[in-house]
Amino acid sequence: SYPSEFATFSSPVPQELPGFYYDSEKNRYFRLLPGHNNYNPLTKESIQCKAVECKRLRLLEEEEKQKKKTTRAGLNSSVLLQKRQLGLLSSTSYCRLVHELKVNCMQRRKIEIHSPDSSVAGTNNFKIIVADVACERIFTVNDVEHGGCKYGIINLSGLGKESLTVEMYDNLYFTNRKVNSVCWASLTHPDSHKLCLMGIAETPGCASLLPASLFSSTNPGDRPGMLCSFKISTAWSCAWCLNPQADNCFSTGLTRRVLVTNVVTGHRQTFGTSSDVLAQQFAKQTPVLYNGCRSGEIFSIDVRQRNRKGQSWKAVRLFHGSAVTSVHLMEAEHYLMAADTAGKIKLWDLRTTKCVKQYQGHHNEYAILPLHVNEEEGLLTAVGQDCYTRIWSLQDAHLLRTIPSPHPSSKDAIPSVVFSSKLGGCQGVPGLLMAVKQDLYHFSYI
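Residues numbered from 1 in each chain as written. Predicted model: local features only at pLDDT ≥ 70, side-chain atom pairs only at ≥ 80, totals over all residues. Heavy atoms only, no water.

**Student:** Looking at this structure, how should I read the overall build of the protein?
**Tutor:** Scanning the protein from N- to C-terminus turns up three helices and 31 strands. Within the protein, the fraction of its 446 residues that count as buried is 51%. Accessible surface for the protein amounts to roughly 21800 Å². Of this, 51% is attributable to carbon and sulfur atoms. (Helix = DSSP H or I, 4+ residues; strand = E, 2+ residues; numbered from the N terminus. Buried < 20%, exposed > 50% of the residue type's maximum accessible area, 1.4 Å probe, protein only. Areas by Shrake-Rupley, 256 points an atom, 1.4 Å probe, with all protein chains shown as cover.)

Here is the structure:
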């Protein structure tokens, strides 16, 4: 079922009658007739899709008309500044409320993508975009028409220019496999490589570590090759470890097991699980790996210990009611954010193993969708399976903004987003970057 924001926005349905549907615009019932030649335009699914699309178009129109949005009464820059000067707001609270105010003023603008190869830009649908730590580069995974995926890197240095253009560097490395997960890897220097997991159900997968310098305008003859690539079972998730006690290690979440690999030595550890591992993240302060499973379980592994039979190596155990699709460890590492296929987003206290906060409004039924947490700005961003991008306040879980997709909602048009107060580096442009279909959009606030 759809959340309340998709409820019929005209007169309510008087009564649901079997075999009929109620058209709120025409204020009358229509019979649902059996289809002819396997086609019937009046089905509950088509009617529901029509209602969703009408809602999206209405919200897009409101977005264009309403240049400034406010979600809290009395929230404006002059009031915030006055409270800050009177000492009624701490610097942290003031900073977060300013970001909240700016988020509600963001306006969408399309970005022009330039490439050294004119055939690259705008030819394939974006599937995944992931920013490096500095938000200077965006790694992209694009679907290709004949199946499989290809990779590229978008340089955001030109984002601050008036023309809103970026440079995209593609690579001839293609794969006929589906890419399930990607993450940046810091091997020789921060974000020097990209780790990609590929594979489809019931077929062998592949883990590949690609140097980021593969995607550049330098002489192809000077480019390094792939660092490592090995076959694995069906791959769902991956994570790179930044803790020095597990240096040069990355994890892969597979079907009923976790594989931790040292890139330099080739040493591997295998941890058997009772369910597929769909989401992973390493802690930074300790070499501990957090895993989210299809069963709804979240557990941690200390990778310094040897694998033992049984479940005794699971240090922390949490439970969701459905498959966990994303985990995010907060900076202090006392709290963990997790999302599942029931649309639940929960903040867990790892010390008490209790859920301390929930973020309402996210929509998901089966897709593996990431969470984007910006603690300094106090914001949580997530894209739902309904193709709406939602932004919450981290502090009180208030839903700040719901952004409709520029494209009609569909399974192959779920946006992939990046949010940062420094897109393009420390001197960059703050805001939200959204990739959907073949287009790239920027929601800027300054």
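Picking up where we left off.
**Student:** Where do I start with the sheet that holds strand β28 (residues 399-403) in this structure?
**Tutor:** Paired through backbone hydrogen bonds, the strands of a sheet run either parallel or antiparallel to each other. In space, the four strands of this open sheet follow the order β25-β26-β27-β28, with antiparallel pairing throughout. Edge strands, defined here as strands with exactly one partner in the open sheet, are β25 (371-374) and β28. Ignoring which end each strand starts from, the neighbouring axes of this sheet average 15° apart. Both strand β26 (residues 379-383) and strand β27 (residues 389-393) contribute to a ladder of five bridges, which runs antiparallel. Paired with Leu380 across the strands is Trp392, a residue of β27. (Pairing = 2+ DSSP bridges. Axes fitted to C-alpha atoms, helices over the stretch in contact; angles between N-to-C directions.)

**Student:** Could you clarify how one ought to interpret the nonpolar core in this entry?
**Tutor:** One broad rule of soluble globular proteins: the nonpolar side chains tend to lie buried together. Formed by 20 residues in total, the largest nonpolar core has its most connected members in Met106, Leu432 and Met434. Where this core is concerned, the elements lending two or more residues are β26, β28, β29 (416-423), β30 (429-436) and β31 (439-444). Those residues in contact with Met106 that sit more than four places away from it in its chain are Ile391, Arg401, Ile403, Phe419, Gly431, Leu432, Phe443, Ser444 and Tyr445. Formed by 17 residues, the second largest nonpolar core is a distinct cluster that contains Met198, Cys206, Leu210 and Ala212. (Core = buried A, V, L, I, M, F, W, Y, C linked by side-chain atoms within 4.5 Å. Contact = heavy atoms within 4.5 Å.)

**Student:** Would you take a moment to explain the pairing of strand β23 (residues 345-349) for this structure?
**Tutor:** Each regular strand carries side chains that alternate between the two faces of the sheet. The element β23 is largely enclosed, with a buried count of five among its five residues. Along β23, one buried face is formed by Ile345, Leu347 and Asp349 and the opposite face, lined by Lys346 and Trp348, is buried too. Pairing geometry for strand β22 (residues 335-340) and β23, over five bridges, is antiparallel. If you follow Ala338 over to β23, its bridge partner there is Lys346. The turn joining β22 and β23, which pair antiparallel and follow one another in sequence, is formed by four residues; a positive phi near 80° is taken by Gly343. Both β23 and strand β24 (residues 354-359) contribute to a ladder of five bridges, which runs antiparallel. The partner of Leu347 across the bridge, within β24, is Lys357.

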